[in-house]
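# Summary of structural features
For reference, the chains in residue letters:
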Amino acid sequence: MDKKPALLVFLDILSVILVPAALVLIVFFTPVEAVMGPVQKVFYFHVSAAWAGMLGFILAAIAGGGYLITRRFPWDWLSLSAIEVGVVFGLIAILSGMVWARPIWNTWWVWDPRLTTTAIMQLIYLAYFILRSGLNTPEAQARLGAVYAIVGVVTVPLTFFSIRLFRTIHPVVIASGSGPAFRMTPRMQLAFFTSLFVFTILLIDLVWNRFRLARLQAKIQQEVSQNAR
């Protein structure tokens, strides 16, 4: 593999520093919420992970469009990488949300509109890997992956706006909506937006590293195919 770009090295280091720093900020700087207590602090990473996952899916759709227009494989590698990382962040969001919900709602899971659309979104993107692996050629995989990423991204706005479109017990964090609103103090807001920033940086770093790995995998597969002839 070629030498890692200096900017990516910087992002690696920055991510290693910022994630623990955000954790310290959340644990020691933010106040304990009066009603929910200490478990509310899971909220900061929970929302940030969901945010990063959705950004990953949007990036995958953009990259999918890039492949369909140019037929250049780097766009496919980027789309694949963004979906892989996005799914991981989505699972983190679901699991952390369950940890938060258990003491607050007295259950690990309810079929609330936000939770339901999130689960559907995750299942759709998990199916992406199954469908992709069923194709034999890189061209077919890239073409299907691009179309699937573009169609699948419809679930992102549906999930994001579900708490504003349907009756829900899931709190609205930013702006007002039909659901119950969660009001943050200035310290909470600082920790919240800091976490969003940190997870965005982490998303970029992980996707870029995964893209480099996808490029190496494609190179190895090409060499193996040539040697087999």
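Residues numbered from 1 in each chain as written. Predicted model: local features only at pLDDT ≥ 70, side-chain atom pairs only at ≥ 80, totals over all residues. Heavy atoms only, no water.

The topology assignment puts Arg 143 in helix H5 (residues 138-152). For the pair Arg 143 and Phe 73, spaced 70 residues apart in sequence, the C-alpha separation works out to 9.9 Å. (Helix = DSSP H or I, 4+ residues; strand = E, 2+ residues; numbered from the N terminus.)

Note on aromatic pairs: each is described by the distance of the centres and the angle between the planes. Enumeration over the complete set of coordinates arrives at 11 aromatic pairs. Both rings, one in Trp 77 and one in Phe 211, keep their centres 6.1 Å apart while their planes meet at 55°; by these two values the pair is tilted. With Trp 77 in helix H3 (residues 73-105) and Phe 211 in helix H7 (residues 186-228), this pair connects stretches of sequence that are 134 residues apart. Judged by relative accessible area, Trp 77 falls into the buried class, the value being 16%. We classify Phe 211 as buried; its relative accessible area is 15%. Geometrically, the ring pair formed by Tyr 128 and Phe 129 is edge-to-face, given 5.3 Å between the ring centres and 85° between the ring planes. (Phe/Tyr/Trp six-rings, centres within 6.5 Å; stacked < 30°, edge-to-face > 60°. Buried < 20%, exposed > 50% of the residue type's maximum accessible area, 1.4 Å probe, protein only.)

With that settled, consider the nonpolar core. Within the largest apolar cluster, 15 residues are counted, with the highest numbers of intra-cluster contacts made by Phe 57, Ile 83, Met 121, Tyr 125 and Val 156. Mapped by element, the contributors of at least two residues to this core are helix H2 (42-70), H3, helix H4 (113-133) and H5. Those residues in contact with Tyr 125 that sit more than four places away from it in its chain are Phe 57, Ile 83, Val 87, Ala 149, Gly 152, Val 153 and Thr 155. Within the second largest apolar cluster, 13 residues are counted, among which are Ile 26, Trp 100, Met 188 and Phe 192. (Core = buried A, V, L, I, M, F, W, Y, C linked by side-chain atoms within 4.5 Å. Contact = heavy atoms within 4.5 Å.)

Our next topic: the side chain of Thr 30. Mapped onto the elements of the fold, Thr 30 is located in the loop between helix H1 (6-29) and H2. Since its relative accessible area comes to 5%, Thr 30 is described here as buried. For Thr 30, the contacting residues outside a window of four places in its chain are Leu 25, Lys 41, Tyr 44, Arg 187, Met 188 and Ala 191.

Quick look at the pattern of salt bridges now. Taken as a whole, this structure holds 3 salt bridges when the rule is applied. Asp 76 serves as the salt-bridge partner of Arg 132, at 2.6 Å between the closest nitrogen and oxygen. With Arg 132 in helix H4 and Asp 76 in helix H3, this residue pair connects regions lying 56 residues apart in the sequence. No difference in accessibility class separates Arg 132 from Asp 76, as the two residues are buried. (Salt bridge = Lys/Arg side-chain N within 4 Å of Asp/Glu carboxyl O.)

Right, let's talk about H3 for a bit. Every α-helical turn comprises 3.6 residues, leaving residues that sit three or four positions apart pointing alike. Between the first and last C-alpha of H3 there are 46 Å, a value that for 33 residues agrees with the 48 Å anticipated at 1.5 Å per step. A positive phi of about 65° marks Asn 106, the residue just after H3. (Expected span 1.5 Å × (residues − 1).)

With that out of the way, let us pick up unusual backbone geometry. The phi dihedral of Arg 71 falls on the positive side, at around 60°, and the residue is not glycine. Take Arg 71: it is sitting in the loop between H2 and H3.

Another aspect to go through is the packing of H3 against H5. Direction vectors running N to C along H3 and H5 enclose 55°, while the axes themselves pass 10 Å from each other. When the axes of H3 and H5 are compared, the pair comes out oblique. Note on packing geometry: the crossing formed by H3 with H5 is left-handed. Every residue of H5 that contacts H3 at Phe 73, Asp 76, Ser 79 and Ile 83 is listed here: Pro 138, Glu 139, Gln 141, Ala 142 and Ala 149. (Axes fitted to C-alpha atoms, helices over the stretch in contact; angles between N-to-C directions. Parallel < 35°, antiparallel > 145°, perpendicular 65-115°, else oblique. Left-handed = near helix turned anticlockwise from the far one by under 90°.)

Glancing now at H1. Look at H1: 33 Å from first C-alpha to last across 24 residues, which is about the 34 Å you get at 1.5 Å a residue. Buried within H1 we find Leu 8, Leu 11, Asp 12, Ser 15, Leu 18, Ala 22, Leu 25 and Ile 26.

This brings us to the environment of Leu 115. Mapped onto the secondary structure, Leu 115 falls in helix H4. Taking C-alpha positions, Leu 115 is 9.1 Å from Gly 97, a pair spaced 18 residues apart along the chain.

Looking at the secondary structure, you find Ser 96 in helix H3. Side-chain polar atoms of Ser 96 contact the side chain of His 46, separated by 3.2 Å. When residues no more than four places from it in sequence are discounted, the contact partners of Ser 96 are Val 42 and His 46. (Polar contact = N/O pair within 3.5 Å; in protein donor to acceptor, adjacent residues only side chain to side chain.)

With their axes 10 Å apart at the nearest point, H2 and helix H6 (residues 155-165) run at an angle of 155° to one another. By the angle between their directions, the pair H2 and H6 is classed as roughly antiparallel. Considering the relative orientation of H2 and H6, their crossing is left-handed. Between H2, through Met 54, Phe 57 and Ile 58, and H6, the contact on the second element is made entirely by Val 156, Thr 159 and Phe 160. Grouping the amino acids of the contact of H2 with H6 by side-chain chemistry returns 5 nonpolar, 1 polar and no charged. (Nonpolar A, V, L, I, M, F, W, Y, C, P; charged D, E, K, R; others polar.)

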